[in-house]
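Examination of the molecular architecture
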Amino acid sequence: MLPNTGIQKSESTFIIKFRMAVIYLGCLGVFFVPFSSALLMLTLVSFYLRTFGSEGGYHRYFSHRSYKTSRAFQFILACLGASSGQRGPLWWAAHHRNHHRYSDTPKDPHTPIGHGRFYAYIGWIFHNNQCDTNLDEVKDLSKYPELVWINKYHYLFPYIVLILIFVVGKWTPLLGDAGGLAAIVWGFCVATVLSLQGQLLVNAFAHGGNPNSSSLFSYRAYETSDTSRNNWLLCLVSLGTSWHNNHHRRPLQNSTN
């Protein structure tokens, strides 16, 4: 049985970068495979289900404990969140709680302040200090051995989605003559990259800049101690988390570490 305290080591940063590169490069396949309304529907279903896993599961439930549910559905949320490619639920929750606790200070894991927007977008994920999970920072979650297991083997869940999508495209009539490869390109690679943007772009563009300024896409509704901003355009890929200044004003964080 996996321990539920201490530091849970992650894979090497090389493996993390390699997986990310493969998924992004896989999107180039849209120029070489067919496209159809059925593939579009598959992409949207794959995108919204897994984005709900990260936003409704990892963010609202595991990080902020904004609502209650059963242990069985908690397990489903963790699996769905892991399938989005945003690592494990305990890793996600620990880093996001620190983001709120130390927002836009040197202890914030992905603030653009002092680091730049590229670091806030994706660079922080590859930093050696950010890869492991401190289980002691999420004791309310690490007491569940199944969540600790999912956190350690999070990378299995995107592979399961990939296989299922290939099967749907290759051996069912749902996508017509599209085939397994087209299903993977659209339903997995494109949908995964779009789902990732919901968090990565918010990290980069819903913080930073002059807190007293506003633009066509972003503004501040509340005076908070950080530089959080609302960005209505990013709601298209974030399912609402880009109302970020509102969120930092009232994050609904009821959990204790």
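First, a word on what this report is: a plain description of the structure on this page. Each residue is numbered by its place in its chain's sequence as written, counting from 1. Local features in this predicted model are restricted to residues whose pLDDT is 70 or higher, and side-chain atom pairs enter the listing and the counts only when it is 80 or higher, whereas totals over whole chains, interfaces and linings include all residues. Values shown for side chains rest on all heavy atoms present in the structure; no hydrogens or waters enter the calculation.

1. Examining the overall build of the protein
We count a stretch as a helix when DSSP gives it H or I for four or more residues in a row; a strand needs E for two or more, and each element gets its number in order from the N terminus. A tally of helices and strands in the protein yields 12 helices and 4 strands. C-alpha atoms define the radius of gyration in this analysis, and the globule rule sets the expected value at 2.2 Å times the number of residues to the power 0.38. Its C-alpha radius of gyration of 18 Å places the protein within 12% of the 18 Å reference for a compact globule of 257 residues. Judged by the C-alpha coordinates and their principal axes, the protein covers about 55 × 50 × 35 Å. When accessible area is computed with a 1.4 Å probe and restricted to protein chains, residues below 20% of their type maximum are described as buried, those above 50% as exposed, and intermediate ones as partly exposed. Looking at the protein as a whole, 52% of its 257 residues are labelled buried. Residues count as neighbours in contact if any of their non-hydrogen atoms are within 4.5 Å of one another. The long-range fraction of contacts in the protein, counting pairs at least 24 apart against all pairs at least 6 apart in sequence, stands at 72%. All accessibility values rest on the Shrake-Rupley procedure with a 1.4 Å probe; residue burial counts only the protein chains present in the view. Within the structure as shown, the protein displays about 12400 Å² of accessible surface, and the carbon and sulfur contribution to it stands at 66%. Under the convention used here, Asp and Glu are negative, Lys and Arg are positive, and both His and the chain ends fall outside the count. Charge positions are represented by NZ for Lys, CZ for Arg, CG for Asp and CD for Glu. One way to put it: in the protein the 21 positive side-chain charges average out to a point 2 Å from where the 12 negative ones average out.

2. Comments concerning the nonpolar core
In this structure, F62, L90, I125, L141 and L147 are the most contacted members of the largest nonpolar core, which totals 33 residues. Only α1 (13-26), α2 (37-63), α3 (71-83), α4 (89-101), α5 (117-121), α8 (145-152) and α10 (180-205) provide two or more residues apiece to this core. A total of 5 residues in this core trace back to one element, the largest contributor, which is α4. In this structure L90 touches T133, L135, V138, L141, S142, L147, V148 and N151, once residues within four positions along its chain are discounted. Within the second largest apolar cluster, 18 residues are counted, among which are I23, I184, W186 and C189. Nine residue types can take part in a nonpolar core, namely buried Ala, Val, Leu, Ile, Met, Phe, Trp, Tyr and Cys, and a core is a set of them joined through side-chain atoms within 4.5 Å.

3. Structural notes on the pattern of salt bridges
Counted as salt bridges are all cases of a side-chain nitrogen of Lys or Arg within 4 Å of a carboxyl oxygen of Asp or Glu. Considering all chains together, one arrives at 7 salt bridges under this definition. Ionic pairing is found between R60 and E55, a salt bridge with its closest N-O pair at 3.2 Å. The class of R60 is partly exposed, set by a relative accessible area of 23%. With a closest N to O distance of 3.0 Å, D140 and R97 form a salt bridge. Note that D140 is positioned in helix α7 (residues 139-142) and R97 in helix α4, a separation of 43 residues in sequence.

4. Some thoughts on unusual backbone geometry
Phi angles above zero are rare outside glycine, and D104 is one such case at about 60°. Tracing the backbone shows D104 in the loop between α4 and α5. D104 sits in the buried class, given a relative accessible area of 14%. Located in the positive-phi region is L239, a residue other than glycine, with phi close to 55°. Following the sequence through the fold, L239 ends up in the loop between α11 (235-238) and α12 (244-249). Given the relative accessible area of 34%, L239 is considered partly exposed.

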